[in-house]
Amino acid sequence: MSKSPKSATRARRTARALTAAMLPLVAAPFAVASSAFAAESLPDTPYSLAATVAPAPMTVAECQADASCEVDQAVNASSVENHAGLYKAIARAAAKTSPAVLDAGGDVVTPAKTATVLIPEGNYWLSRPLLLPPNVNLRGSGINKTTLTLDPAYWINFGFVIRYQDNQNWAGSSNLVSDLTVNGNCRIGAGQADPNVPVSRPGEVCDFRDKDRWSGALAKDNTGGGISVADNWTVRQVRFTNLEYFKLWINNAGNVHVIDNRWDNWGGAESGEEDNIGGGGGLENDTAVIENNQWDRSIRGNSFDFTNAVDTVIRNNVVHSDNAALLAPRKVGDYGSMYLEDVPGAQVTGNLLVGGHIILQSNVKYTHAGENKDIGQPRNTLVANNEIRNSYWAGITSSYEDYTDGDKSWGTIDADPTHNSLTSTTDHLLRPGGNNVIRDNLIVNPALSGVLLIGNTSVAKDAPDTVTGNRIVNAGFGGSLSYSTGAGAFDTSGVGVSLGTGDKIYNNVIEDNQARPTTLYGVHVGARGGLTAPVGTVLSDPADPTGQSGTNQLVGNIPTLVRTVTSQAVETPTNLVVNGNELTWKESTAMAVAPVAGYRIFRNGVQVADMPLGSVAIPGNLLTVNEASLESGIAADYTAGYKTSVSAYTGSGVRGGYSLALTSANTGQISAATTRMVPVTPGQMYTSVSSYRALNNTGHRARAGIVWFTAGGTMIARMATSNYGSVDNGNGWTTSSYSEAAPANAAFAQVFVSVDLTVPGEVHLVDRIGLVAGTNTESFWDPNGTAGARYHMVAYNQLNGEYSATAVLNN
């Protein structure tokens, strides 16, 4: 993420020249793709220093023939002499320039006159940074021919190797830096253009920051950046390598063009963790264009990160950052990603990211002071026609977050970006987000979901986003099938949304072609435990009022198109265990608003079982068949408790036609226990389980329990679950379970069933009764065997069918 560099304040611009290098921008709102499923694969351009769109470097002969061009002397052995020579050449060139002429409104009437310094081939070590005044171009003889290298003996002089000159008039100016390499000497003597020499000591600090490796004082991490630009700069065909600080810094600078540059750590180099392109500065940083650049797999840090900017364009770039061998030593989960933090009006199009991802978010993650006191959200941004492969997070995320002031309130809504709250000590402003379009992107093998719309407060977003025409392949690849975003949890899906009103998610293809699929849902509406909730999400083409066209589509073994999360999600099954062909698990805990109706089981993405009310048999049940199900029609296996009568009830059962009826004779708890005492082992965990149904009443808390006895038949304790959520009802069966280790002096146990707070005449049915050693009371027998299978399982709600979070077992 971006942070402020060590640099002096420069004069703010009052006008801007429209240079030939700048390309036209498209204003928001953006057109939505007219055809469904338009996402296509982009060419996987191998990293190369060869130019793709930049012109050939200037030659010495061309410079000598141009009166406005200065040729620097040949390379010197002394970094002091190299700097002195280049400084003099820059001064001579500056004398040949003239500023732009502006009218009273600040518009350019006569363009500025520029001059150029050409640096011949060679490796120029520098003792000080090169400071460029307005309208002076600095050009090398080729990206792999001219190198400017920081001399680590003079590290204290360097914020950046090349930067703008302070306190200058940049109105209408034009500067070009091109056709050279900037080497920060992070690994001293490294950084040659040799891809066969790997990163040296990845993750370790730069050599000139380590007293044990280099003499002198300890340098800070804001030393040795690459290039820091001013208004109207173009940076073209520059290689950034071996740099400690930000490689390219664009801060409070408008109309900047970054084209056809390269970032790597070839030749045994390494870099600091700061961004490859970083910066911000609010409204001053506008209309930057970042295009046709390339990042190698050896880079470190985000490929791009702006905080506080407007109308940024990032297009047709190629980022390779999928070198997993560099993650652990650098202590990061990923690198190479693109972050736009409070950057409204951006366009991110036609980029290929391999290993990285794209995140639109607010500036809330920074210290809440200065330009980050007020919070701006992603807004009016287009993310289209990108290809994102093997990302370590979701492929594309749009996140909406704010912070609370001292009175625990969110910021005051104010969409005007020219307003601020810097004079207030009690409040901040919040610029809401939305109206972003994420379309026609190809997202392959993201570790989490393909696209996420998330946030921590609904006030941070006041307009719907559109997610359409995207193709998402193998979501969850190599990652977790269930994960938290910090603002709620999702199961792996093509698209997930946890806030916003009327977001349009349609015409997307969610595909999983793996033998063991990892995509569980097409669209995940709402997040478990979410801080916000989406409202009125549109899942078909909004132009079709019937809702029949433009729906999202599933390809491959993805079991469910849409999962909608409410507060009534049931608890997740746990403790999945495979033994031979049998899969067993622990009961999901019943809740009053979410009684468990049953379980669904998927094998390699295909549903293989729907088990309403649970499995037919309780695995390892220590009770007899009649004790478990009363299918003999006899209740003699049960002894009634106080105020209770027991009988076999005909006509309703979890499995079969019989159940145990408990009839209340008075007000209070009714209960029964198995007449037979079951032998147990001290210290062994045991679980009792029983399912309940209210017959002639609205239901009460129903509880499973265990009664422990000594070898002599003396009762030790009668224990039952304290779960207040297991309330029976007349619409279905509610299951309760209770687990406890047998006491040290226990020899026998009885299963205990009970219902609380009854009134005389109430009847409650009990069935599927069991006692097992361990905790697992549900099972599924796979006739095809379990070897090599990935199972995922959900419990579902008796009231509305909503799924629990997903339990997963890889066998």
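Parameters and conventions
- Residues numbered from 1 in each chain as written.
- Predicted model: local features only at pLDDT ≥ 70, side-chain atom pairs only at ≥ 80, totals over all residues.
- Heavy atoms only, no water.
- Core = buried A, V, L, I, M, F, W, Y, C linked by side-chain atoms within 4.5 Å.
- Buried < 20%, exposed > 50% of the residue type's maximum accessible area, 1.4 Å probe, protein only.
- Contact = heavy atoms within 4.5 Å.
- Disulfide = S-S within 2.5 Å.
- Phe/Tyr/Trp six-rings, centres within 6.5 Å; stacked < 30°, edge-to-face > 60°.
- Helix = DSSP H or I, 4+ residues; strand = E, 2+ residues; numbered from the N terminus.
- Lys NZ or Arg CZ within 6 Å of the ring centre and 35° of its normal.
- Polar contact = N/O pair within 3.5 Å; in protein donor to acceptor, adjacent residues only side chain to side chain.
- Pairing = 2+ DSSP bridges.
- Salt bridge = Lys/Arg side-chain N within 4 Å of Asp/Glu carboxyl O.

> Any chance you could explain the nonpolar core here in plain terms?
A general feature of soluble globular proteins is that nonpolar side chains tend to end up buried together. Formed by 74 residues in total, the largest nonpolar core has its most connected members in L148, I162, I227, L248, I250 and I277. Filtering out sequence-adjacent residues up to four positions away, I250 remains in contact with V229, V256, V258, I277, G278, G279, G280, N285, I290 and F306. Grouped together as the second largest cluster of nonpolar side chains are 26 residues, A672, A702, A704 and V751 included.

> What is the right way to read the state of the cysteines from this model?
Structurally, a disulfide amounts to a covalent bond that connects the sulfur atoms of two cysteines. Summed over the entire model, instances satisfying the criterion amount to 2 disulfides. The disulfide that involves C63 links it to C69, with 1.9 Å between the sulfurs. The sign of the -100° torsion about the S-S bond sets the C63-C69 disulfide as left-handed. Considered together, C63 and C69 belong to a single accessibility category, that of buried residues. At a sulfur-sulfur separation of 2.1 Å, the disulfide partner of C186 is C206. Disulfide C186-C206: torsion about the S-S bond near -95°, hence left-handed.

> What is the right way to read the packing of aromatic side chains from this model?
Each aromatic ring pair is characterised by the separation of its centres together with the angle its planes make. Inspection of the entire model under this criterion finds 13 aromatic pairs. A centroid spacing of 5.4 Å and a plane angle of 40° characterise the contact between F160 and Y245, whose relative ring orientation is tilted. Of this pair, F160 sits in strand β9 (residues 160-164) while Y245 sits in the loop between β12 (233-241) and β13 (248-251), placing them 85 residues apart in sequence. A residue is classified by how much of its surface remains accessible, and Y245, at 1% relative accessible area, is buried. Between Y521 and Y803 the ring centres are 6.3 Å apart and the planes differ by 50°, which places this aromatic pair in the tilted class. Of this pair, Y521 sits in strand β42 (residues 521-525) while Y803 is found in the loop between β61 (790-797) and β62 (807-810), placing the two residues 282 residues apart along the sequence. In this structure Y803 comes out as buried when scored by relative accessible area, which is 13%. Members of the aromatic cluster, connected to one another through ring pairs, are F160, Y245, F246 and W249. Positioned above the aromatic ring of Y335, the side-chain terminus of R330 is 5.3 Å from the ring centre.

> Which parts of the structure should I look at to understand the side chain of Q750?
Within the secondary structure layout, Q750 lies in strand β58 (residues 748-758). Among the polar contacts made by the side chain of Q750, one reaches the main-chain carbonyl oxygen of T674 at a distance of 3.0 Å. Contact partners of Q750, with chain neighbours within four places excluded, come to A673, T674, T675, R676, M677, G705, I706, V707 and F709.

> What's the story with unusual backbone geometry in this structure? I'm lost.
Most peptide bonds take the trans form, and the phi angle of most residues other than glycine is negative. Backbone geometry places N252, a non-glycine residue, at a positive phi of 55°. With relative accessibility at 30%, the residue N252 sits in the partly exposed group. Backbone geometry at N390 places phi at a positive 60°, although glycine is not the residue there. Tracing the backbone through its elements, the reader meets N390 in the loop between β28 (387-389) and β29 (396-400).

> Could you clarify how one ought to interpret the sheet that holds strand β30 (residues 412-413) in this entry?
The strands that make up a sheet pair up through hydrogen bonds in the backbone, lying either parallel or antiparallel. Taken in spatial order, the 3 strands of this open sheet run β26-β31-β30, and their pairing is parallel. Each edge of the open sheet is held by one strand with a lone partner, namely β26 (375-376) and β30. Strand direction decides the pairing type here: β30 and strand β31 (residues 429-431), joined by 2 bridges, are parallel. Bridging across to β31, T412 finds its partner in L429.

> Could you clarify how one ought to interpret the pattern of salt bridges in this entry?
Should the charged atoms of two oppositely charged side chains come close, the side chains can pair. Per the stated rule, a full pass over the model turns up 30 salt bridges. For R187, the salt bridge goes to D207, with nearest N and O atoms at 3.2 Å. Of the two residues, R187 sits in the loop between β10 (175-183) and β11 (225-228) while D207 sits in the loop between β10 and β11, which places them 20 residues apart along the sequence. We classify D207 as buried; its relative accessible area is 10%. Residue R239 pairs with D264 through a salt bridge whose shortest N-O separation is 2.9 Å. Of this pair, R239 sits in strand β12 while D264 sits in strand β15 (residues 262-264); the two residues are 25 residues apart in sequence, bridging distant segments of the chain. This pair shows no difference in class: R239 is buried, exactly as D264 is. Three or more residues are tied together by salt bridges with common partners; here these are R187, R201, E204 and D207.

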